[in-house]
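# Summary of structural features
Here's the letter readout for the chains.
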Amino acid sequence: MKILIANDDGIRAPGLRALIEALKPLGTVYVAAPAREQSGTGHSITVRDPIRVREYFIEGVKHAWVIGGTPADCVKIALGRLIPEKMDLVVSGINHGSNLGSDVLYSGTVSAAAEGVIMGCPAIAFSLDSYDHNADMSACARFARRLIEDYRALDIVPGELINVNVPPMPYEQLKGVRFTKLGRRSYGNLFEERRDPRGTPYYWMGGAVEDEAQDDDSDVAAVKAGYISVTPLNLDLTDYRTLELYRQQRPLEI
Ligand code: MN
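Below you will find a few notes about this structure. (Residues numbered from 1 in each chain as written. Predicted model: local features only at pLDDT ≥ 70, side-chain atom pairs only at ≥ 80, totals over all residues. Heavy atoms only, no water.)

## Some points on the sheet that holds strand S2 (residues 28-34)
As a reminder of what qualifies: The criterion for strand pairing is that DSSP finds at least two bridges linking the strands in question. Each helix is a run of DSSP H or I of at least 4 residues and each strand a run of E of at least 2, with the numbering of both proceeding from the N terminus. In this analysis, axes come from line fits to C-alpha atoms, helices being fitted only over the stretch in contact, and the angle between any two N-to-C directions falls in the range 0 to 180 degrees. Contacts are assigned to residue pairs with any non-hydrogen atoms lying within 4.5 Å of each other.
Across the sheet, 9 strands lie side by side as S3-S4-S2-S1-S5-S6-S7-S13-S8; this open sheet has mixed pairing. The open sheet has two edge strands with one neighbour each: strand S3 (53-56) and strand S8 (176-179). Averaged over neighbouring strand pairs, the angle between their axes works out to 20° when direction is ignored. Across the sheet, helix H5 (residues 138-149) lies against strand S1 (2-6), strand S5 (89-96), strand S6 (123-128), strand S7 (160-166), S8 and strand S13 (227-234), angled at about 160° from S6, the strand it touches most.

Listed below in structure tokens is the structure:
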């Protein structure tokens, strides 16, 4: 199996290393990761600046590159230019922090996987639901390997990616796996006001996750209950129900 690994936490992130170690035994691994942390950069790409690419050595990896760009840049340039052979799978993560509900729209981790899909390659994103500095990535890495060993069973169709979130606990304590839909996710007290040395206010985005009512089959509910959440996402954002309605009931004329 030929796998491209990317992330949004940067080339030095422990989650990337854990994922590489877990997937190396499964086949040929390439790595393309941002030089700096790019969390929250979503699916942005670099179009007005040059993209610097530097080779990087990682034991047991066929080729690794540090990319001076966004997570989507990493996957785009790796698949479109740097790697001469076709990849079977793009794997992104392991992100330091969960990507649940509307997080997926901001997430560089999910966007790196989404870029794989755009480039015609099935993709899976992994995130660990912990912001702890010394978060243990091993359970998530172990599940990633287990899932990817048999990824063809997931039957990922073109245009789709799989978003995986793992609760922060030892593998043996995980309750199981749930197939989920995106839940509700919002953050309270989002902007903290501070003052610079000249007394001018500036703002720092932070915010804590608000505890919201969730459907039982959502990703948020699954992770909260100690289950690994597996959500299939479709990059076709068309709302087909409304489209049908418009076509039937609201003919527009010029
Ligand atoms: Mn991140």
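## Some remarks on the coordination of the manganese ion
Keep this limit in mind: Note: metal donors comprise N, O and S atoms at 2.8 Å or less from the metal (3.2 Å for Na, K and Ca); water molecules are not included, so apparent gaps in a site are possible. Burial classification: accessible surface area is computed with a 1.4 Å probe over protein chains only, and a residue below 20% of its type maximum counts as buried, one above 50% as exposed, and the rest as partly exposed.
Within the first shell, the manganese ion binds the protein through Asp8 (OD), Asp9 (OD), Ser39 (OG) and Asn95 (OD1), at distances of 2.1 to 2.3 Å. Take Asp9: its relative accessible area is 14%, and that puts it in the buried class. Exposure remark for Asn95: the relative accessible area of 6% places this residue in the buried category.

## Here's the deal with the packing of aromatic side chains
Filter applied, for reference: Pairing of aromatic side chains requires ring centres within 6.5 Å, counting the rings of Phe and Tyr and the six-membered ring of Trp. Pairs whose planes differ by under 30 degrees are stacked, by over 60 edge-to-face, and all others tilted. A ring has a charge above it when a Lys NZ or an Arg CZ is no more than 6 Å from the ring centre and no more than 35 degrees off the ring normal.
On inspection of all chains with the given rule, the structure shows 1 aromatic pair. The ring of Tyr171 is capped by Arg142, whose NZ or CZ atom sits 3.8 Å from the centre of that ring. Above the ring of Tyr227, the side-chain terminus of Arg178 is found at 4.0 Å from the ring centroid.

## Description of the nonpolar core
The line we're drawing: Nonpolar cores are built from buried Ala, Val, Leu, Ile, Met, Phe, Trp, Tyr and Cys residues. Side-chain atoms within 4.5 Å join them into one set.
With 40 residues, the main nonpolar core has Ile5, Val31, Ile94, Ile124, Phe126, Ile148 and Val164 as its most contacted residues. Here this core takes 7 residues from H5, the largest share from any one element. Residues Tyr30, Met87, Val110 and Ala112 belong to the second largest nonpolar core, which totals 24 residues.

## Examining the side chain of Asp9
We count it as follows: Contacts described as polar in this section are N or O atom pairs within 3.5 Å, which, within protein, must combine one atom able to donate a hydrogen with one able to accept it, while residues neighboring in sequence count only if both atoms come from side chains.
If you trace the backbone, Asp9 turns up in the loop between S1 and helix H1 (14-23). At 3.0 Å, the side chain of Asp9 forms a polar contact with the side chain of Ser39. At 2.9 Å, the side chain of Asp9 forms a polar contact with the backbone nitrogen of His96. Setting aside residues no more than four positions away along its own chain, Asp9 makes contact with Glu37, Ser39, Ile94, Asn95 and His96.

## Considering the pattern of salt bridges
Inclusion rule: By definition, a salt bridge exists where a carboxyl oxygen of Asp or Glu is found within 4 Å of a side-chain nitrogen of Lys or Arg.
Counted according to the given criterion, the structure contains 12 salt bridges. Linking Lys181 and Asp217 is a salt bridge whose minimum nitrogen-to-oxygen distance equals 3.7 Å. Note that Lys181 is positioned in the loop between S8 and strand S9 (187-188) and Asp217 in the loop between strand S12 (208-209) and helix H6 (219-224), a separation of 36 residues in sequence. Put simply, Glu193 and Arg195 hold a salt bridge, and the shortest N to O gap is 3.0 Å. If you follow the salt bridges from partner to partner, you end up with Lys2, Lys62 and Glu85 in one network.

## Focus: the pairing of S3
Bridge count for S3 against strand S4 (residues 63-67) is 4 bridges, and the pairing is antiparallel. Considered in S4, the bridge of Tyr56 is made with Ala64. Connecting S3 to the next strand, S4, in antiparallel fashion are 6 residues, including Gly60 with a positive phi near 80°.

## Things to note about helix H4 (residues 108-118)
Burial analysis of H4 places 10 of its 11 residues in the buried class, which makes it a mostly covered element. Along H4, the positions that sit buried rather than exposed are Gly108, Thr109, Val110, Ser111, Ala112, Ala113, Ala114, Glu115, Gly116 and Val117. The backbone nitrogen of Thr109 has a side-chain oxygen 3.1 Å away, supplied by the residue at the start of H4, namely Ser107.

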